[in-house]
Amino acid sequence: MNPVADVLISKEKIAARIQEIGAQINKDYAGKELTVVCVLKGSFIFMADLVRALNVPLTCEFISVSSYGNEKTSSGEVKLVLDISKPLDGKHVLIVEDIVDSGLTLKFIRDLLGVRNPASIACCALLEKPEALKTQVSVEYTGFKIGNEFVVGYGLDYAQKYRELPYIGLMKA
Ligand code: 5GP
């Protein structure tokens, strides 16, 4: 047990769920090629595990956005920090997000990439906080729905720390 966080979702549960989501994505995109877009930094571990559960041909792209706010809440003002390097015309795009909280970050990214003429666009989020949603945004593949609580680990940080925890944890009081 790590001293900083109590386990909310174990690494075994995450691994099993990723296999299930991967199987669904493989089915849905059979015969197609995917452009998988990792939303940095929080999604890097999820992205790495998810693409290894996929058997459709794919390329990996990386995007980074920042939202102004304090360490535990976002202000909803989203800014593009790093764009993907390739055009998306005619591509099947899968956005990989760590967590959908207010939904504003995902909406920003969907709108940004959606106007670049992709053949399709979908999102896979490891975590969703349905109670925190502030905007209407589609999430086609979800790992786990959680309550309105702040989580760390498996890529997710608190002040840039704890991303390396192999599980999703709740900060200890
Ligand atoms: P949204 O725009 O949906 O409110 O927030 C999305 C981003 O806020 C996520 O990609 C993540 O970086 C951050 N975030 C939201 N909730 C949490 C949380 O519980 N823990 C951590 N570490 N980051 C979160």
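Keep in mind that this is a model prediction, so the values were computed, not measured.

(A) Spatial organisation of the site of the ligand. Lining the immediate surroundings of the ligand are 16 residues, of which D98, S102, T105, V151 and D157 lie closest. One of the side-chain N or O atoms of D98 is found 2.7 Å from an oxygen atom in the ligand. Between an oxygen atom of the ligand and a side-chain N or O atom of T105, the distance comes to 2.5 Å. Relative to its unbound accessible area of 510 Å², the ligand is 87% covered by the protein chains.

(B) A look at the state of the cysteines. All told, the structure shown has zero disulfides when counted by the stated rule. The closest cysteine sulfur to the non-disulfide-bonded C60 is located on C38, 8.4 Å from its own sulfur. A disulfide-free cysteine, C124 has its sulfur positioned 6.8 Å from the sulfur of C123, the nearest such atom. For C124, a relative accessible area of 0% translates into the label buried.

(C) View of the nonpolar core. Formed by 30 residues in total, the largest nonpolar core has its most connected members in I25, L50, L127 and I168. Elements represented by at least two residues in this core include exactly α1 (11–28), β2 (34–40), α2 (44–51), β5 (92–100), β6 (120–128) and β7 (141–145). Judged by nonpolar contacts, the second largest core, of 17 residues, contains I95, L106, A125 and V139.

(D) Representation of the pairing of strand β9 (residues 168–171) within the structure. With four bridges connecting them, strand β1 (residues 5–9) and β9 associate as antiparallel partners. Bridge pairing in β9 links I9 to I168. Relative to β9, strand β8 (residues 151–152) is paired through two bridges, and the arrangement is antiparallel. Within β9, the residue paired with V151 across the bridge is L170.

(E) Representation of the sheet that holds β9 within the structure. Strand order in the open sheet made by the three strands is β1-β9-β8, with antiparallel pairing throughout. With one partner strand each, in any of the chains shown, β1 and β8 form the two edges of the open sheet.

(F) Looking closely at the environment of I146. Here I146 is to be found in the loop between β7 and β8. A C-alpha to C-alpha distance of 8.8 Å links I146 and E131, two positions 15 residues apart in sequence. With residues up to four places along the chain from it excluded, the contact list for I146 reads L8, I9, I99, L127, E128, K129, P130 and V151.

(G) View of helix α3 (residues 104–114). Where α3 is concerned, the buried positions are L106, I109, R110 and L113. The buried residues of α3 occupy an angular sector of 100° when projected down its axis, which confines them to one face.

(H) Summary view of the packing of α1 against α2. Across the interface, α1 lies against α2 with an axial gap of 9 Å and an inter-helix angle of 60°. One finds that α1 runs oblique with respect to α2. When you trace α1 past α2, the crossing you get is right-handed. Judged by residue contacts, I18, I21, G22 and I25 of α1 engage F46, D49 and L50 from α2. Residues belonging to the contact of α1 with α2 are distributed by class as follows: five nonpolar, one polar and one charged.

(I) Summary view of the environment of F108. Structurally, F108 can be placed in helix α3. Measuring from C-alpha to C-alpha, the distance between F108 and K32 comes to 26 Å, with 76 residues separating the pair along the chain. The contact partners of F108, leaving out residues within four places of it in the chain, are V65, V78, K79 and L80.

Conventions and cut-offs
- Residues numbered from 1 in each chain as written.
- Predicted model: local features only at pLDDT ≥ 70, side-chain atom pairs only at ≥ 80, totals over all residues.
- Heavy atoms only, no water.
- Near = heavy atom within 4 Å.
- Polar contact = N/O pair within 3.5 Å; in protein donor to acceptor, adjacent residues only side chain to side chain.
- Areas by Shrake-Rupley, 256 points an atom, 1.4 Å probe, with all protein chains shown as cover.
- Disulfide = S-S within 2.5 Å.
- Buried < 20%, exposed > 50% of the residue type's maximum accessible area, 1.4 Å probe, protein only.
- Core = buried A, V, L, I, M, F, W, Y, C linked by side-chain atoms within 4.5 Å.
- Helix = DSSP H or I, 4+ residues; strand = E, 2+ residues; numbered from the N terminus.
- Pairing = 2+ DSSP bridges.
- Contact = heavy atoms within 4.5 Å.
- Arc of directions from axis to C-beta.
- Axes fitted to C-alpha atoms, helices over the stretch in contact; angles between N-to-C directions.
- Parallel < 35°, antiparallel > 145°, perpendicular 65-115°, else oblique.
- Left-handed = near helix turned anticlockwise from the far one by under 90°.
- Nonpolar A, V, L, I, M, F, W, Y, C, P; charged D, E, K, R; others polar.

As far as function goes, none of this settles anything; it's purely spatial.
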